[in-house]
Each structure stands twice: as C-alpha cells, then as structure tokens.
Amino acid sequence: MGITTVGIVGSGIMGSGLAEVVARAGLTAIVRSRSQATADAMVASVAKGLAKQVEKGRLTQDDATAIIGRITAVSDLSALADCDLVIESVVEDLDTKKSLFAELDRVVKTGGILATNTSTLPVVELAMVTSRPESVCGVHFFNPAPAMPLVEIVRPLTASDATIHAATAFAETCGKQPVQVKDRAGFVVNALLFPYLNNAIRMLEQGTASMADIDTAMKGGCNFPMGPFALLDLVGLDTSLAILDALYAEFRDPNYAAMPTLRRMVAAGRLGRKTKGGFYDY
Ligand SMILES: NC(=O)c1ccc[n+]([C@@H]2O[C@H](COP(=O)([O-])OP(=O)(O)OC[C@H]3O[C@@H](n4cnc5c(N)ncnc54)[C@H](O)[C@@H]3O)[C@@H](O)[C@H]2O)c1
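Residues numbered from 1 in each chain as written. Predicted model: local features only at pLDDT ≥ 70, side-chain atom pairs only at ≥ 80, totals over all residues. Heavy atoms only, no water.

### Some points on the site of the ligand
Phase 1 of the analysis: Close to the ligand lie 21 residues, the nearest being Met14, Glu92, Lys97, Ser119 and Val235.
Phase 2 of the analysis: Residue Asn117 places a side-chain N or O atom 3.3 Å away from an oxygen atom belonging to the ligand.
Phase 3 of the analysis: The side chain of Asn143 places a nitrogen or oxygen atom 3.2 Å from an oxygen atom of the ligand.
Phase 4 of the analysis: In isolation the ligand has 830 Å² of accessible area, and contact with the protein removes 82% of it.
Phase 5 of the analysis: For the shell around the ligand, the secondary structure elements donating two or more residues are α1 (13-24), α4 (94-107) and β6 (136-141).
Phase 6 of the analysis: In terms of residue class, the shell around the ligand is made up of six nonpolar, eleven polar and four charged. (Near = heavy atom within 4 Å. Polar contact = N/O pair within 3.5 Å; in protein donor to acceptor, adjacent residues only side chain to side chain. Areas by Shrake-Rupley, 256 points an atom, 1.4 Å probe, with all protein chains shown as cover. Helix = DSSP H or I, 4+ residues; strand = E, 2+ residues; numbered from the N terminus. Nonpolar A, V, L, I, M, F, W, Y, C, P; charged D, E, K, R; others polar.)

### Re the pattern of salt bridges
Phase 1 of the analysis: In total, this model carries ten salt bridges according to the counting rule given.
Phase 2 of the analysis: Across the salt bridge formed by Glu88 and Lys97, the nearest N and O atoms sit 2.5 Å from each other.
Phase 3 of the analysis: Taking the relative accessible area as the measure of exposure, Lys97 reaches 1% and is therefore buried.
Phase 4 of the analysis: Within this structure, Glu88, Glu92 and Lys97 form a network of salt bridges that share partners. (Salt bridge = Lys/Arg side-chain N within 4 Å of Asp/Glu carboxyl O. Buried < 20%, exposed > 50% of the residue type's maximum accessible area, 1.4 Å probe, protein only.)

### A few points about the pairing of strand β2 (residues 28-32)
Phase 1 of the analysis: Across the five residues of β2, four count as buried, placing the element largely inside the fold.
Phase 2 of the analysis: The pairing of strand β1 (residues 5-9) with β2 spans five bridges and is classified as parallel. Note on β2: the bridge partner recorded for Val9 is Arg32.
Phase 3 of the analysis: Where the polypeptide runs from β1 across α1 and back to β2, its parallel neighbour, the crossover connection is right-handed.
Phase 4 of the analysis: Bridge count for β2 against strand β3 (residues 71-74) is four bridges, and the pairing is parallel. Residue pairing for β3: Arg32 is matched across the bridge by Val74. (Pairing = 2+ DSSP bridges. Right-handed = clockwise from strand over helix to strand, strands pointing away.)

### Section: the pairing of β1
Two faces belong to every sheet, and in a regular strand the side chains alternate between them.
Phase 1 of the analysis: Of all five residues that make up β1, five are buried, and the element is covered over most of its length.
Phase 2 of the analysis: The alternating pattern of β1 places Thr5, Gly7 and Val9 on one face and Val6 and Ile8 on the opposite face, and all of these are buried.
Phase 3 of the analysis: Inspection of the sheet shows β1 paired to strand β4 (residues 85-88) by four bridges, in the parallel sense. Following the sheet pairing, Gly7 is matched in β4 by Val86.

### Observations concerning the packing of helix α8 (residues 211-222) against helix α9 (residues 228-235)
Phase 1 of the analysis: Here α8 crosses α9 at 100°, and the two axes come no closer than 7 Å. Considering their axes alone, α8 and α9 lie roughly perpendicular with respect to each other. Counting all contacts with α8, which are made through Met211, Ile214, Asp215 and Met218, the residues of α9 involved are Pro228, Phe229 and Ala230.
Phase 2 of the analysis: Residue composition of the contact of α8 with α9, by class: six nonpolar, no polar and one charged. (Axes fitted to C-alpha atoms, helices over the stretch in contact; angles between N-to-C directions. Parallel < 35°, antiparallel > 145°, perpendicular 65-115°, else oblique. Contact = heavy atoms within 4.5 Å.)

### Side note on the packing of aromatic side chains
Phase 1 of the analysis: Summed over all chains, the structure comprises four aromatic pairs.
Phase 2 of the analysis: Measuring from ring centre to ring centre gives 4.9 Å for Phe229 and Phe279, while their planes differ by 65°; the resulting arrangement is edge-to-face. With Phe229 in helix α9 and Phe279 in the segment after α11 (260-267), the pair connects residues that are 50 residues apart, well separated along the chain. For the pair shown, Phe229 and Phe279 are each scored as buried. (Phe/Tyr/Trp six-rings, centres within 6.5 Å; stacked < 30°, edge-to-face > 60°.)

### What about the sheet that holds β6?
Phase 1 of the analysis: Taken in spatial order, the eight strands line up as β3-β2-β1-β4-β5-β6-β7-β8 in an open sheet, and their pairing is mixed. If you trace the sheet from one side to the other, it starts and ends with β3 and β8 (177-182), each paired once. Strand-to-strand twist in this sheet, taken as the mean axis angle between neighbours without regard to direction, amounts to 25°.

### Topic: the state of the cysteines
Phase 1 of the analysis: The tally for this structure, following the rule as stated, stands at zero disulfides.
Phase 2 of the analysis: Looking at the unpaired Cys174, the closest cysteine sulfur is the one in Cys137, lying at 13 Å. (Disulfide = S-S within 2.5 Å.)

Everything listed here is a matter of coordinates, which is why it stays silent on function.
Here's what the structure looks like:
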C-alpha cells in the first residue's frame, strides 16, 4: 500500500518544513498542533514562504496554491486516524514522545506507520509503547526540511522490512536521499556533527578565537556553508542541548558533554533563531 496521506505532529521548525515537503510531493498533509491557532499559524508561515518563492520566480502561483491546498491544520489527534504514515516532530523529550506514541497507536488505523523525526532518542522505546512495534521507525529529516536532501531512515530492532521499505520509498517520493541507519543515539549525522559543534563552544570558552572568527574560519577553511555558531542557532539551542545530553547518556564520551555556555543560554531562554537571539541576534 502506498503512502498518500501523511500526518505531522508538532508545528515547530521541523513540523512546518515537513508539511511543505509532503505537500510539495503531491501527498496530503494533515498537521496537528495542540491548539488550532498554532496549527493555523504554521500553515500561514508555509504559505508566506511559498509566496516568497513565487516572488522570486522559483514557483508558480498555481503550484503554490495547490501545495497549500494539500495541507490541513487540526488540533484533534483523532483527525490523523486515516493516515498511512504519521511523523512525530515535537520537542526532543523522550517522555513527551512516548505518551504521544501511545496516543497515536490508539487513534491511527491498523497498518499505519508511526515514525519519529527525533534527532537522537531511542526509536525502539517509542515502538515498545505501541501495539505495533513492527510499524514504527525513524524518518530523520534535516533543517530546513524543504532544502536539505538527506533523510536518515532509522531501523529499531522491532521494525519490519515492509515498514523500512515503505519509509524509504516515502523519502524518495519527497525527492530526498534516504540512508538506512541503526537505532543508535545521533544516528550518523548528529553523532559526527555534535562533537564538532560542542568543541566550537569549548574553543570559545577557552578564548582561542572570537565567535565570528571561528565561524569565518570554518566557512573559509572547510568550505562549510555556515560556521558552528550560526548552525547551532539554526538548529535551536534547546534542541542542540537535548541532542548532546542524549548522546552523552548513550556513549559517555566527553566530546558529547554539553559545554556550560550552551546549558546557561538555554536556561536564559536564548534558543537561537526561533527566539530571535542565540549566539547571534536576529
Ligand atoms: N531543529 C532541527 O534542526 C532539527 C532537525 C531534525 C530533527 N529535529 C527534531 O525534530 C523535532 C522537533 O524539533 P523542532 O526543531 O521542530 O522544535 P521546535 O522547538 O521548533 O518545536 C517543537 C514543537 O513541539 C511542540 N511541543 C512542545 N512540548 C510538547 C508536548 N508536551 N506535547 C506535544 N507537543 C509539544 C511545540 O509546540 C512545537 O510545535 C525534535 O525531535 C528534534 O530533535 C530537529
């Protein structure tokens, strides 16, 4: 059975990106937020982004209208009942995700795949709170989801081949490059990326160079599109801290032990671009 209707739970940075990706692929997207107002605001922000693409001549008005027409905003979880696939993309917190998976298992039709967009958390723990662990996997998109080509398809010990094949085919339908990864904290990309980002903060704390110069160095010296501090702000400092904490909890590698500056900035509510201030002001 092909995937034609996709539920997306969570209306943050990744939820809105996922809605656009799914609708652009010609599939039906049902986006669920805890309040109708935030769900509606999310669709409005996707529409605003598409309008900019139309202005720049990268998209026709007809295509933009059709894409938005394929996205429905809801607040009631039971509106996801008929979805072939639901992608959970709420805050990076295992308990929150576990209770959501238990609820999704109750409302989504038999055979529907339940997937998580988690960056680091153990997918098998989400599978095991459901009555369908064989139909649970990770589909880890990257930020910004409409622009980034990669999707890590995460296979917990419990997943069936059919689930992994369907999730891989879905990523391909979305025009993405899927890679299959074992269920380990950080999968491939974040397990390699976050020691680098964390060590950039360590370097700043040690006074090796200024923040702007570290960013300039990594752009100019490695040809990276942005430096580590700009990237931390883009990812979100709360999400970055949650990722490092999950990596440290799994591997106990000191490179994953979050630097104090990061933890203090999150405590101060400086979360990056989404709060208009993180390492830089926006
Ligand atoms: N930011 C990134 O670069 C990135 C990239 C790939 C994957 N992810 C993953 O995507 C997921 C979402 O991250 P994001 O960056 O969109 O975060 P975000 O902070 O932008 O959004 C989080 C969303 O979770 C919702 N939420 C918070 N508490 C909740 C609760 N108790 N119950 C239900 N919903 C709740 C919020 O309302 C919001 O819609 C996380 O698992 C994260 O690890 C993030």
